[in-house]
Amino acid sequence: MGQIGVRELASLRKENDRGRTGWRYRFYLNRKQRSLWLGDVSKRSAERIASHVSELAAAFESDVTPGKSAVEWVNDKADERIRRTLQRWMLIYCRSTLGVFGKLPENSNGNV
């Protein structure tokens with residue numbers, strides 16, 4: 001049986017959650033469902049964010065470096081809350097206090 005990619009089981013939907021309205025992106029990472037609250041952004045912005053997160057997750061699962069656009073998005077445009085969540089899920093890591101993000105080094109034990 002083949003491995004199912006990140007994009008096949010992902011969903012992006014607008015919802016009301018505990019009194020707040022916004023977009024939520026759900027996807028699978030390491031066979032676990034993840035849910036990322038994107039907030040009250042436009043549909044186009046939500047789709048763009050979901051695309052970058054999907055690219056980061058696919059790169060993580062394939063053990064390759066994510067594309068330049070996803071890395072630039074994380075460094076320059078991603079909300080701090082989203083960045084912390086991606087870091088907690090080990091999709092990105094901080095190499096220095098300058099905020100350079102990318103793939104975990106091969107000898108990392110997962111501690112950030």
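For the structure, see preceding data.
Throughout this description, residue numbers start from 1 for each chain and increase along the sequence as written. Reporting of local features is limited, given that this is a predicted model, to residues whose pLDDT is at least 70; pairs of side-chain atoms are given and counted only at 80 or more, and all residues count toward the totals for whole chains, interfaces and linings. Side-chain calculation: all heavy atoms of the structure are included, whereas hydrogens and water are not.

Between any two strands, pairing holds if DSSP finds at least two bridges. Think of it this way: any DSSP run of H or I at least four residues long counts as a helix, any run of E at least two long counts as a strand, and we number them from the N terminus. As judged from the seven bridges shared by strand E1 (residues 11-17) and strand E2 (residues 20-29), these two strands associate in the antiparallel manner. The residue bridging Asn-16 from the neighbouring strand is Thr-21, located in E2. Between E1 and E2, which pair antiparallel one after the other, the connecting turn spans two residues, and Arg-18 there sits at a positive phi close to 50°.

Take the pattern of salt bridges next. By convention in these notes, a salt bridge is any Lys or Arg side-chain nitrogen within 4 Å of a carboxyl oxygen on Asp or Glu. Tallied over the full model, the rule gives five salt bridges. Residue Glu-15 pairs with Arg-13 through a salt bridge whose shortest N-O separation is 3.3 Å. According to the relative accessible area criterion, Arg-13 is partly exposed, its value standing at 47%. Ionic pairing is found between Arg-81 and Asp-79, a salt bridge with its closest N-O pair at 4.0 Å. Only protein chains enter the accessibility calculation, which uses a 1.4 Å probe. A residue is then buried if its area is under 20% of the maximum for its type, exposed if over 50%, and partly exposed in between.

So, on to the nonpolar core. Residues enter a nonpolar core if they are buried and are Ala, Val, Leu, Ile, Met, Phe, Trp, Tyr or Cys, with the set joined through side-chain atoms within 4.5 Å. Of all hydrophobic cores here, the largest spans 21 residues; its most connected members are Leu-38, Val-53, Leu-56, Trp-73 and Leu-86. Within the residue set of this core, elements represented by two or more residues are E2, strand E3 (32-39), helix H1 (43-62), helix H2 (68-76) and helix H3 (80-88). The dominant element in this core, judged by the number of residues it contributes, is H1, at six residues. Contact definition: two residues touch when any of their heavy atoms are within 4.5 Å. Beyond its immediate sequence surroundings of up to four residues, Leu-38 is in contact with Leu-12, Trp-23, Tyr-25, Ala-46, Ile-49, Arg-81 and Ile-82.

The rule is short: rings of Phe, Tyr and Trp, with Trp giving its six-membered ring, pair when the centres are within 6.5 Å, and they are stacked under 30 degrees, edge-to-face over 60, tilted in between. Taken as a whole, this structure holds two aromatic pairs when the rule is applied. Geometrically, the ring pair formed by Tyr-25 and Phe-27 is stacked, given 5.1 Å between the ring centres and 20° between the ring planes. We classify Tyr-25 as buried; its relative accessible area is 5%. Between the aromatic rings of Phe-27 and Trp-89, the centroid separation amounts to 5.8 Å while the plane-to-plane angle is 75°, which identifies the pairing as edge-to-face. Here Phe-27, found in strand E2, pairs with Trp-89, found in the loop between H3 and strand E4 (93-94); they are 62 residues apart in sequence, far enough to count as distant. Like Trp-89, Phe-27 is buried.

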